[in-house]
Amino acid sequence: VDLVSAYSLYIGVASIVMALVGFGKLAGKVPVSVKAGFKWGCELGVLSSALPNGLYAFGSTLKAAVATSALGDVVTAVKTAIPGSNGISGVANI
């Protein structure tokens, strides 16, 4: 709880500082398609992390099924080809 409250406080202070400096003008210059892509990427990351554990009753069974499916093979191939792709393992928790 202390860590969450400290994090929230830091985010609030950073937001105020960025507002005073004028980051809103900079954000206004970012194309709408880039903002939309960023939002979709964040949403898909949260959703892919939440689906196996939170939304399905049998999360561990689902993870095991995905890990042994074709999707698990794709995730393993991507992780092998692109070592920095840590986020993709959240889909199957492999």
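Model, not experiment: these values are computed from the prediction.

## Re the overall build of the chain
Step number 1: The helix and strand tally for the chain stands at 6 helices and 0 strands.
Step number 2: Looking at the chain as shown, the accessible area adds up to about 7200 Å², and 73% of this sits on carbon and sulfur atoms.

## Let's talk about a nonpolar patch on the surface
Step number 1: The grouping of L9, Y10, V13, V17, M18, V21, F23 and L26 at the surface amounts to a nonpolar patch, some 810 Å² of accessible area in total.
Step number 2: At the level of secondary structure, the elements contributing two or more residues to the nonpolar patch comprise α1 (2–21) and α2 (23–28).
Step number 3: Here the nonpolar patch takes 6 residues from α1, the largest share from any one element.
Step number 4: Position of L26 relative to the elements: it lies in helix α2.

Reading guide: rules and limits
- Residues numbered from 1 in each chain as written.
- Predicted model: local features only at pLDDT ≥ 70, side-chain atom pairs only at ≥ 80, totals over all residues.
- Heavy atoms only, no water.
- Helix = DSSP H or I, 4+ residues; strand = E, 2+ residues; numbered from the N terminus.
- Areas by Shrake-Rupley, 256 points an atom, 1.4 Å probe, with all protein chains shown as cover.
- Patch = residues over 30% accessible without salt bridge, like charges linked within 9 Å, V, L, I, M, F, W, Y side chains within 5 Å.
- Salt bridge = Lys/Arg side-chain N within 4 Å of Asp/Glu carboxyl O.

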